[in-house]
Amino acid sequence: MSSRWELTGTLVAQAPLHVGGLDVGPAQLVQARDGAGRPLLPGTSLAGVIRSALRAQGLPDYRLWGLPSRDSGDGGEASWVRVDDAPAVGAPQVELRDHVSIDRVHGVAARGHLFSREVLPAGTRFAFRMVVDAPENMDADMAEDLVRAVAARLRGPGISVGAAVTRGLGLVRLEDAVLRESRLSTRAGIVAALRLGGEPVELPAADPDEVPAGVLRIVVPWRPRGPLAVQVSSDGDVVSAFPLTGRDGAGGHRLELPGSSIKGVLRSHAERITRTVTGAAAPVTFLDQMRADGLGTVAALFGTAAARDSDNRDLPAGQRGALQVATCVSSAAMPAAQWDAVRLLQQRLSETTGHAGRRADGGQNADGGPAPRKADEQRAALGRLQHAVDDLNGAVRGIRFTIAHHVAVDRWTGGAAEALLFATVEPHDTSGKAWQPIILDLAVDQLDRDPTKPGTDADDDRRAALALLLLVLRDLCDGWLGFGHGTTRGAGAVRVDATAVTFRAGHRTGWFGVLDDRSLADVLADEELTAPLTAAWLATTTGGGA
């Protein structure tokens, strides 16, 4: 070994993150932990995604990563790159998230597809260390090129690690990076390595807004038309649901619109468009729906499910989609003290009455069952919660929270249905700038083929997929799509201006580069650009007919 390069720093989660473990926990999908119980990013996961990211940038797959053995079992070479497990710094609070899949036939939650996942919040920090050794029989510059490329990627656009990375989870970025070089072929170099850990090497400035190579980024500024939130259920009879929030790494909370929710809405609309044009009905079984048979452009953009419900090995094994959707968070932050006061007060109020409004003082009704809370008690509890919400509104700029009351109507009497009066906490955008833009990243290289039709032309696949994505974005701007809870009941509608939606193309995006720095309105009005996209789309969906 002639030299050693060591890169250290802190990986900071830019979005919620989940790396699966095998321990038993409160969720079906638990977070990986080390022997000391600390959440961690395994070195195997980090090494894999780093190597894949460099390959996508067009960098050579350095021999330093090691060589596999031949079919005979001979040969092969161990890796000269070592990536340590990255344990979490401090004691991050693990959050529990519930997920559900939507049945395409009925539009409701698919049976048997409700599950929960442990996630680490944005701002979670992990200790990172990577060492690259340069063997004497290789060019030492190769090790330097590799470690500098890794540092540039981690400090710039970052990498996504763990599960559901195309649905808004897992983005991490390296901060406080330190690169040291140790020359081990001389006595002075060995002494310096032992005393100082190597000589520090200056790293160039990094741009966190850099678009990764091979990616077309679509930035979608938007604002809600009314109340908009992904709701989280809450026990108790005062308020039944709160908007989903996540910690922001600075001690506050921010509203969250998960990438999974955004991507689910976009995929459902893309399927609706394609099935309308092709006349293909959605299968009854949910996993068959997610295999996207006959919906090549949908499969290329959003991925396909594995054929786990069949013994036929010739069926597709599943594939990740080319479209990655980031979790969208509010620009406005809620101070932890005020937000926690609202949530904890709701919890205390529910504890004083028991679950679902049952009194905890032992009061009983005529048939011997626990009596519900009296009307004056209910009004008092609601008033206390309203005061806490008012305090929260005084500490937040750009968002106003209200307690919205709802009641279901009895279809027989025409009056309020018994025991179906409920309330929810709803956020309203009062500034027009309460939310950060939606970010869509399209991995161009993954559109090289239609996973449902082997042997198709790569450029035609890319054009057809882009055409479908433009149709979905156009309908988003026209007001056809909504996000979050209650989109069929007055909530979740959004306003998007096509002139504000912009495209940014990274390196190695080929002819997608013509979209760089253009708006969606400009692209849709460019007939020279849209004509080949339309032709490819028609060829895919109608066999070339108009």
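Residues numbered from 1 in each chain as written. Predicted model: local features only at pLDDT ≥ 70, side-chain atom pairs only at ≥ 80, totals over all residues. Heavy atoms only, no water.

A. Spatial organisation of helix α4 (residues 259-278). Here α4 contains 20 residues, and its C-alpha end-to-end distance of 28 Å stays within 8% of the 28 Å for a straight helix at 1.5 Å per residue. Considered for burial, the residues of α4 that qualify are Gly259, Ile262, Lys263, Leu266, Arg267, His269, Ala270, Glu271, Ile273, Thr274 and Arg275. At the C-terminal side of α4, Gly279 shows a positive phi close to 80°. (Helix = DSSP H or I, 4+ residues; strand = E, 2+ residues; numbered from the N terminus. Expected span 1.5 Å × (residues − 1). Buried < 20%, exposed > 50% of the residue type's maximum accessible area, 1.4 Å probe, protein only.)

B. View of the pattern of salt bridges. What the rule picks out here adds up to 19 salt bridges. Salt-bridge contacts for Asp475 lead to Arg474; the nearest nitrogen and oxygen are separated by 3.7 Å. Overall, the relative accessible area of 38% leaves Arg474 in the partly exposed class. Here the salt bridges do not stand alone but share partners, grouping Arg4, Arg82 and Asp133 into one network. (Salt bridge = Lys/Arg side-chain N within 4 Å of Asp/Glu carboxyl O.)

C. Representation of the packing of aromatic side chains. Inspection of the entire model under this criterion finds five aromatic pairs. Where Trp222 meets Trp435, the ring centres are 5.3 Å apart and the plane angle is 35°; that geometry is what we call tilted. One end of the pair, Trp222, is in the loop between β11 (215-220) and β12 (223-224); the other, Trp435, is in the loop between β23 (416-429) and β24 (438-443), with 213 residues separating them in the sequence. Relative accessible area serves as the criterion here: at 8%, Trp435 is assigned to the buried category. An angle of 20° between the planes, with centres 4.3 Å apart, marks the rings of Trp511 and Phe512 as stacked. Under the relative-accessibility criterion, Trp511 is labelled partly exposed at 23%. Through pairs of rings, three or more aromatic residues link up here, namely Trp222, Trp435 and Phe483. Positioned above the aromatic ring of Phe242 is the side chain of Arg343, whose terminal nitrogen or guanidinium carbon lies 4.3 Å from the ring centre. Lying across the ring of Trp511, Arg463 places its NZ or CZ 5.0 Å from the centre. (Phe/Tyr/Trp six-rings, centres within 6.5 Å; stacked < 30°, edge-to-face > 60°. Lys NZ or Arg CZ within 6 Å of the ring centre and 35° of its normal.)

D. Region of the structure containing the pairing of β24. In terms of burial, β24 is a largely internal element, five of the six residues being buried. Alignment of β11 against β24, held across six bridges, turns out to be antiparallel. When the sheet's bridge partners are listed, Leu216 is paired in β24 with Leu442. Relative to β24, strand β19 (residues 323-325) runs antiparallel, the two sharing three bridges. Residue pairing for β24: Gln324 is matched across the bridge by Asp441. (Pairing = 2+ DSSP bridges.)

E. Representation of the environment of Phe242. In this fold, Phe242 is placed in strand β14 (residues 241-243). For Phe242, a relative accessible area of 0% translates into the label buried. C-alpha separation for the pair Phe242 and Ala229, spaced 13 residues apart in sequence, amounts to 8.4 Å.

F. Quick look at the nonpolar core. The biggest cluster of nonpolar side chains holds 74 residues, and the ones touching the most others in it are Trp222, Phe401 and Leu442. Setting aside residues up to four positions removed in sequence, Phe401 forms contacts with Pro243, Leu255, Met334, Trp339, Val389, Leu392, Asn393, Val425, Glu426 and Pro427. Core analysis: the next-biggest nonpolar cluster, separate from the first, contains 40 residues, Leu54, Ala149, Ala151 and Leu179 among them. (Core = buried A, V, L, I, M, F, W, Y, C linked by side-chain atoms within 4.5 Å. Contact = heavy atoms within 4.5 Å.)

G. Representation of the environment of Asp139 within the structure. By the secondary structure assignment, Asp139 is in the loop between β7 (125-134) and α2 (140-155). Between the C-alpha atom of Asp139 and that of Ser2, which follows or precedes it by 137 residues, the distance is 9.6 Å.

H. Representation of unusual backbone geometry within the structure. The phi angle at Asp176 is positive, at roughly 55°, despite the residue not being glycine. Residue classification places Asp176 among the exposed positions, given a relative accessible area of 57%. Phi at Asp517 is positive, roughly 65°, even though this residue is not glycine.

I. The arrangement of the confidence of the model for the protein in detail. Mean pLDDT over the protein stands at 84; residues scoring 70 or higher make up 87%. Low pLDDT (under 50) marks residues 353-362, which in the prediction has 23 contacts with non-local residues, meaning those over four places away or in another chain. (pLDDT = per-residue confidence, 0-100.)

J. View of the sheet that holds β11. On the basis of which strands lie adjacent, the open sheet formed by four strands has the order β19-β24-β11-β26 and antiparallel pairing. In this open sheet, the two strands that pair with only one neighbour each are β19 and β26 (502-505). Recorded for the sheet is a direction-independent mean angle of 20° between the axes of neighbouring strands. With four bridges connecting them, β11 and β26 associate as antiparallel partners. If you follow Leu216 over to β26, its bridge partner there is Ala505. On the sheet, α4 packs against β19 and β24 and is oriented at approximately 135° with respect to β19. (Axes fitted to C-alpha atoms, helices over the stretch in contact; angles between N-to-C directions.)

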